[in-house]
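One-letter residues, chain by chain:
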Amino acid sequence: MVVPFPGSPRPTLGVEWEIALVDRVTRDLSNTAAEVFDAVASLAGPEDPRITKELLRNTVELVTGIHSTVGEAMDDLDESLDLLRRAANPLGVDLICAGTHPFAQWSTQLVTRTPDYDELIERTQWWGRQMLIWGVHVHVGVSSPQKVFPILNALLQRYPHLLALSASSPMWAGVNTGYASNRALMFQQLPTAGLPYQFANWGQYEDFISDQMKTGVITKIGGMHWDIRPAPRWGTIEVRVFDGISTRAELSSLVALVHCLIVDLDRRFEAGENLPNLQPWHVKENKWRAARYGLDAEIILDEDSNERLVTDDLNDLLEKLAPTAVRLGCADELAAVAEIPRRGASYQRQRQVAEATGGDLVAVVDALVKELGT
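Scope of this entry: the structure provided in the associated data block. Since this is a predicted model, take the numbers as computed values, not measurements.

Once that is clear, we can look at the overall build of the protein chain. Of regular secondary structure, the protein chain possesses 14 helices and 13 strands. Relative to the compact-globule value of 21 Å for 374 residues, the protein chain shows a C-alpha radius of gyration of 20 Å, a close match. The contacts of the protein chain with a sequence gap of at least 6 include a subset with a gap of at least 24, amounting to 76%. Accessible surface computed for the protein chain: about 15600 Å², of which carbon and sulfur atoms make up 51%.

Glancing now at the nonpolar core. Of all hydrophobic cores here, the largest spans 96 residues; its most connected members are Trp-17, Ile-19, Ile-228, Leu-257 and Ile-262. Looking at this core element by element, the count peaks at 11 residues for helix 8 (residues 248-270). Contact partners of Trp-17, with chain neighbours within four places excluded, come to Val-60, Glu-61, Leu-62, Leu-77, Leu-81, Cys-97, Gly-135, Val-136, Ile-245, Leu-251 and Leu-372. If you look at the next biggest cluster of nonpolar residues, it comprises 27 residues, including Ile-121, Trp-134, Phe-187 and Ala-354.

Now for helix 4 (residues 145-155). Note: α-helices contain 3.6 residues per turn, so residues at a spacing of three or four share the same orientation. Of all the 11 residues making up helix 4, 10 are buried; the element is thus mostly covered by neighbouring parts of the structure. Among all positions of helix 4, only Pro-145, Lys-147, Val-148, Phe-149, Pro-150, Ile-151, Leu-152, Asn-153, Ala-154 and Leu-155 are buried. Buried residues along helix 4 sit in contact with helix 5 (159-166), helix 7 (202-214), strand 10 (228-231), strand 11 (236-239) and helix 8.

Let us look at the pairing of strand 1 (residues 13-23). Consecutive side chains of a regular strand alternate in pointing toward one face of the sheet and then the other. Most of strand 1 sits inside the fold, with 10 of its 11 residues counted as buried. Relative to strand 5 (residues 136-141), strand 1 is paired through five bridges, and the arrangement is antiparallel. Paired with Gly-14 across the bridge in strand 5 is His-139. Direction of pairing for strand 1 relative to strand 3 (residues 59-63): antiparallel, over a ladder of five bridges. If you follow Ala-20 over to strand 3, its bridge partner there is Thr-59. One ladder, built from four bridges, connects strand 1 with strand 4 (residues 93-96); its direction is antiparallel. Directly across from Ala-20, in strand 4, lies its bridge partner Ile-96.

Topologically, Thr-59 is positioned in strand 3. A distance of 2.6 Å separates a polar atom in the side chain of Thr-59 from a polar atom in the side chain of Asn-58. A polar contact of 2.7 Å, which involves the side chain of Thr-59, links it to the side chain of Trp-134. Setting aside residues up to four positions removed in sequence, Thr-59 forms contacts with Glu-18, Ile-19, Leu-21, Ala-33, Glu-54 and Trp-134.

Once that is clear, we can look at the environment of Asn-58. Structurally, Asn-58 can be placed in the loop between strand 2 (51-53) and strand 3. Spatially, the C-alpha atoms of Asn-58 and Ile-237 are 28 Å apart, while their sequence positions differ by 179 residues. Beyond its immediate sequence surroundings of up to four residues, Asn-58 is in contact with Ile-19, Ala-20, Leu-21, Leu-29, Ser-30, Asn-31, Gln-109, Leu-132 and Trp-134.

Applying the stated criterion across every chain, the model contains 26 salt bridges. For Glu-371, the salt bridge goes to Arg-349, with nearest N and O atoms at 2.7 Å. Placement of Glu-371 in helix 14 (residues 361-371) and of Arg-349 in helix 13 (residues 346-356) is noted, with a sequence separation of 22 residues between them. As far as burial versus exposure is concerned, Glu-371 and Arg-349 are alike and both buried.

Below, the discussion takes up the packing of aromatic side chains. The description of an aromatic ring pair uses the distance of the two centres, along with the angle that the planes make with each other. Here the structure, examined in full by the defined rule, presents 15 aromatic pairs. The interplanar angle of 45° and the centroid separation of 5.3 Å between the aromatic rings of Phe-149 and Tyr-205 together place this pair among those described as tilted. Taken together, the residues Phe-149 in helix 4 and Tyr-205 in helix 7 connect sequence positions 56 residues apart. Of the two residues examined, Phe-149 and Tyr-205, each falls in the buried class. An aromatic cluster of three or more residues is present, and its members are Phe-5, Phe-149, Tyr-197, Phe-199, Trp-202, Tyr-205, Phe-208 and Trp-226. Taking the ring centre of Tyr-179 as reference, the NZ or CZ of Arg-292 above it sits at 5.9 Å.

What follows deals with the packing of helix 5 against helix 10 (residues 310-328). As a packed pair, helix 5 and helix 10 sit with axes 10 Å apart at the nearest point and diverge in direction by 110°. One way to sum up the angle between helix 5 and helix 10 is to call them roughly perpendicular. For the pair helix 5 and helix 10, contact is made by Pro-160, His-161, Ala-164 and Leu-165 and by Val-310, Asp-313, Leu-314 and Leu-317, respectively.

Rules used in this analysis
- Residues numbered from 1 in each chain as written.
- Predicted model: local features only at pLDDT ≥ 70, side-chain atom pairs only at ≥ 80, totals over all residues.
- Heavy atoms only, no water.
- Helix = DSSP H or I, 4+ residues; strand = E, 2+ residues; numbered from the N terminus.
- Rg over C-alpha atoms; globule rule 2.2 N^0.38 Å.
- Contact = heavy atoms within 4.5 Å.
- Areas by Shrake-Rupley, 256 points an atom, 1.4 Å probe, with all protein chains shown as cover.
- Core = buried A, V, L, I, M, F, W, Y, C linked by side-chain atoms within 4.5 Å.
- Buried < 20%, exposed > 50% of the residue type's maximum accessible area, 1.4 Å probe, protein only.
- Pairing = 2+ DSSP bridges.
- Polar contact = N/O pair within 3.5 Å; in protein donor to acceptor, adjacent residues only side chain to side chain.
- Salt bridge = Lys/Arg side-chain N within 4 Å of Asp/Glu carboxyl O.
- Phe/Tyr/Trp six-rings, centres within 6.5 Å; stacked < 30°, edge-to-face > 60°.
- Lys NZ or Arg CZ within 6 Å of the ring centre and 35° of its normal.
- Axes fitted to C-alpha atoms, helices over the stretch in contact; angles between N-to-C directions.
- Parallel < 35°, antiparallel > 145°, perpendicular 65-115°, else oblique.

Geometric values such as these leave the question of function open.
Okay, here's the thing in structure tokens:
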């Protein structure tokens, strides 16, 4: 079958930021999305707010328009977050963003009723109901379908960097899991989620989609929920690696990192360079190491199986991408990526709060509420 990919004449940028609703008193998740959306609609008036529903009724998603720069995308998100806060505040609801909630129980959460979500739960059953997780998705425009998989495959080399920097889900249902990103390993349990296949070209992807639709695995082209995937409807590559990102500053820096990575790979492809293509077993191992050890992960760098501490490799990567960041107008945001290891990633900060308070997970949520304002 033919999968149309209209392409983007420039490297446009879009961001989806999932936000969890928490009760101001108990700090547990609050299944009040319907009431929050009513309040948003009342405050927005005739304007169409870029705030959408998600699978669970404890979640809303902020979705930007199409932008050229990180700064524009962040301004867009700022407006939506301000509107969401004004809607949630009178309802006694606060906002957090992390890969998981520290102590909430999945069994008490309500599902948003839509045909797509109903089908997901019916098919995936226990694992689908377990998806008490949040993430950030970044779209970058690509001009041609012929570029998509060379860029996507090369981007997998940087997967552990992206996951380690954003890891924010060390706790699940009141338990310290020992993982920096429990979300990453939970989400891949769904049949259409996890790492993408490393197709050589767009035609192989079209054959795959045909097979999946013929056998009923998916019912529409966008039904695959890979960690990095083509988004044919928008003419973008969509990076879905990130855990929920807890602060505005970290979000802007990591969006800049994705923007620069894809634009740099696009430039190198157009220059005739053979882009790197790490073996699938190395990609899988890197994902596990980043999920388990976060910023302390020793990652596999190349086809020759050389290894290096992810933060050491990150420093070199940021230096290589600096000229691209200047061209894209996000030099300051990209440079701020280096602050995450210095300050400690969200998973590290959450553990520190828990340790300092004798395991008080309500205090961890308090810290996350505060961080979303920074």
